[in-house]
Amino acid sequence: MAINELRSVTTFIKAAELGSLRKAALELDISPQAASKALAQLEKHLEARLFHRTTRVMSLTDAGQRLLEDVQPALVGVQRALKKAKSTTDEIAGPLRITGPRTTFQPILWPLIEEFCERYPGIQPDVLLEDRVGNWVEDRVDVGFHMGRSPHEGVIARKLFPLQLLVCGSPDYFARYGVPDSLAALANHRCSVFRHPGTGKLAPWHLRLDQQPIEQPVVPTIISNDETLELHAVLAGKVLGQLAGATAAPYIRTGQLVPILLNHMSDIGSYFVYFGSRQSQPARARAFVDLVVERLTDSAAYVLSPKELAGTKSRLPKPARGIKGKAS
């Protein structure tokens, strides 16, 4: 039903209920002229007169009475459905569809979901973690996370925190193989390389040289498309790996991992949260975005400060400190 027909029918029903077109206009918050025009359009469309009119009274014709009996229950149903839909939009409950990168965001996202569900028990999180970037509109995404610029138009972005990329190893690795003291020395070390799930290509290590970003190829000892597996290999002392700061930070703080080549450390971008227009968002999505922004904006939990990074040098095993080391 076109919107002018819906307005015409609504005006007709209200005029029939109140016995006055002027009162109907006042009730519907439209002008008497608009009400009169709406009713005239409906009568022209139906090719039937719906009211007997005098200067003081208007009453339904037989055609008007039949129409009222047919459409009044249907309009009440429509109004009830609209009210229910608005109530659902305003309610912080129901499904909440979230998407983000699996390899780096899983440990960050779960505490947020857990806190949000404790605060609002009626929420049903529907989480899609994958490294490819899908179609957020087709996938009906409420809130999305992405590293860097959004691949989609028409979404709003909020920057959360910078993405540090750290070359890390375990103390056991350095005790056994030594510490590479230059980019060239990496050629003599056992390295883990990430295979991009979307393209299937091996990702170079992103570093800096003379303050300029570079892509440093390394000879892989282990190849994986899963950062969790890569993390475990690095923690086990089998390889060096370039890990996202958010992933590595808790292990660096406990001494299980030590970052190296810090003068070549890259921060190639930032994490962002993306969402649609706040006017059209359901309340549950708005509330979740507010929590995300509150908890993650410039979060120290996922970004190592310069002081923290400088303090990690003392954690390298003394026998290996300053030794290039040749892995075998």
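Residues numbered from 1 in each chain as written. Predicted model: local features only at pLDDT ≥ 70, side-chain atom pairs only at ≥ 80, totals over all residues. Heavy atoms only, no water.

**Some remarks on the overall build of the protein**
Right, so step 1: A tally of helices and strands in the protein yields 10 helices and 13 strands.
Right, so step 2: Buried residues in the protein amount to 41% of all 328 residues.
Right, so step 3: Accessible surface for the protein amounts to roughly 18,200 Å². Of this, 52% is attributable to carbon and sulfur atoms. (Helix = DSSP H or I, 4+ residues; strand = E, 2+ residues; numbered from the N terminus. Buried < 20%, exposed > 50% of the residue type's maximum accessible area, 1.4 Å probe, protein only. Areas by Shrake-Rupley, 256 points an atom, 1.4 Å probe, with all protein chains shown as cover.)

**Regarding the side chain of Glu230**
Right, so step 1: Mapped onto the elements, Glu230 comes out in helix H7 (residues 227–235).
Right, so step 2: For Glu230, a relative accessible area of 3% puts it in the buried group.
Right, so step 3: Glu230 has contacts with Ser192, Val193, Phe194, Gly241, Gln242 and Leu243, leaving out every residue within four places of it along the chain. (Contact = heavy atoms within 4.5 Å.)

**What about helix H2 (residues 21–28)?**
Right, so step 1: Looking only at H2, the buried set comprises Leu21, Ala24 and Ala25. Across the axial projection of H2, the buried residues extend over an arc of 100°, all falling on one side. Counted as exposed and oriented over 90 degrees from the buried face of H2: Arg22, Lys23, Leu26 and Glu27.
Right, so step 2: Two or three places before Arg22, at the opening of H2, Ser20 has a side-chain oxygen 3.3 Å from that residue's backbone nitrogen.
Right, so step 3: Positive phi shows up at Asp29, right after H2, with a value of about 60°. (Arc of directions from axis to C-beta. Polar contact = N/O pair within 3.5 Å; in protein donor to acceptor, adjacent residues only side chain to side chain.)

**A few points about helix H3 (residues 32–46)**
Right, so step 1: The end-to-end C-alpha separation of H3 is 21 Å, in line with the 21 Å expected for 15 residues at 1.5 Å each.
Right, so step 2: Along H3, the residues that are buried comprise Ala35, Ala38, Leu39, Leu42 and Glu43. For H3, the angular spread of the buried residues around the axis is 130°, confining them to a single face. In this structure, H3 carries Gln33, Lys37, Lys44 and His45 as exposed residues pointing more than 90 degrees from its buried face.
Right, so step 3: Directly after H3, the chain includes Glu47, whose backbone phi takes a positive value near 55°. (Expected span 1.5 Å × (residues − 1).)

**Things to note about the packing of aromatic side chains**
Right, so step 1: All told, the structure shown has 8 aromatic pairs when counted by the stated rule.
Right, so step 2: Here the aromatic residues Phe116, Tyr120 and Phe288 are joined through ring pairs into a cluster of three or more. (Phe/Tyr/Trp six-rings, centres within 6.5 Å; stacked < 30°, edge-to-face > 60°.)

**Observations concerning the pattern of salt bridges**
Note on pairing: side chains with opposite charge can pair once their charged atoms come close.
Right, so step 1: This structure, assessed with the given rule, holds 6 salt bridges.
Right, so step 2: As a salt-bridge pair, Arg119 and Glu115 come within 3.1 Å of each other at their nearest N and O atoms. Linking Arg119 with Glu115, this pair stays in helix H5 (residues 102–119), spanning 4 residues, or about one helical turn.
Right, so step 3: Under the relative-accessibility criterion, Arg119 is labelled partly exposed at 41%.
Right, so step 4: For Glu115, a relative accessible area of 23% corresponds to the partly exposed category. (Salt bridge = Lys/Arg side-chain N within 4 Å of Asp/Glu carboxyl O.)

**Digging into the environment of Thr254**
Right, so step 1: Tracing the backbone through its elements, the reader meets Thr254 in the loop between helix H8 (245–253) and strand S12 (258–260).
Right, so step 2: With relative accessibility at 54%, the residue Thr254 sits in the exposed group.
Right, so step 3: Side-chain polar atoms of Thr254 contact the backbone oxygen of Pro250, separated by 3.3 Å.
Right, so step 4: A distance of 3.2 Å separates the side chain of Thr254 from the backbone oxygen of Tyr251, its partner in a polar contact.

**Notes on the side chain of Gln216**
Right, so step 1: With respect to the helices and strands, Gln216 occurs in strand S9 (residues 212–216).
Right, so step 2: Residues in contact with Gln216, not counting those within four places in the same chain, are Leu183, Leu186, Pro204, Trp205 and Leu207.

**Some points on the environment of Pro259**
Right, so step 1: Counting through the fold element by element, Pro259 comes out in strand S12.
Right, so step 2: Pro259 gets classed as buried once you look at its relative accessible area, which sits at 4%.
Right, so step 3: In sequence terms Pro259 and Gln242 are 17 residues apart; their C-alpha atoms lie 9.1 Å from each other.
Right, so step 4: If we ignore the near neighbours within four places in the chain, the residues touching Pro259 are Leu166, Val167, Cys168, Ile252, Leu309 and Thr312.

**Topic: the pairing of S9**
Right, so step 1: Pairing of strand S8 (residues 205–209) with S9, which is carried by 5 bridges, proceeds in the antiparallel orientation. When the bridges of S9 are listed, Leu209 appears paired with Gln212.
Right, so step 2: Hairpin connection from S8 to S9: 2 residues lie between these consecutive antiparallel strands, with Asp210 at a positive phi of about 55°. (Pairing = 2+ DSSP bridges.)

**A word on the pairing of strand S13 (residues 266–275)**
Right, so step 1: Both strand S5 (residues 143–147) and S13 contribute to a ladder of 5 bridges, which runs antiparallel. Across the sheet, the residue bridging to Phe145 is Val273, located in S13.

**Quick look at unusual backbone geometry**
Right, so step 1: The backbone phi angle of Leu261 is positive, close to 50°, even though this residue is not glycine.
Right, so step 2: Counting through the fold element by element, Leu261 comes out in the loop between S12 and S13.
Right, so step 3: Its identity is not glycine, yet Asp298 carries a phi of approximately 50°, on the positive side.
Right, so step 4: Its location among the elements puts Asp298 in the loop between helix H9 (283–296) and helix H10 (306–311).

**With respect to the nonpolar core**
Right, so step 1: Judged by nonpolar contacts, the single largest core of 30 residues is most densely connected at Phe145, Phe161, Phe288 and Leu296.
Right, so step 2: With 8 residues, the single largest contributor to this core is H9.
Right, so step 3: Setting aside its immediate chain neighbours within four residues, Phe161 contacts Ile108, Ala246, Ser270, Tyr271, Leu296, Asp298, Ser299, Tyr302 and Val303. (Core = buried A, V, L, I, M, F, W, Y, C linked by side-chain atoms within 4.5 Å.)

Structural measurements only, silent on function.
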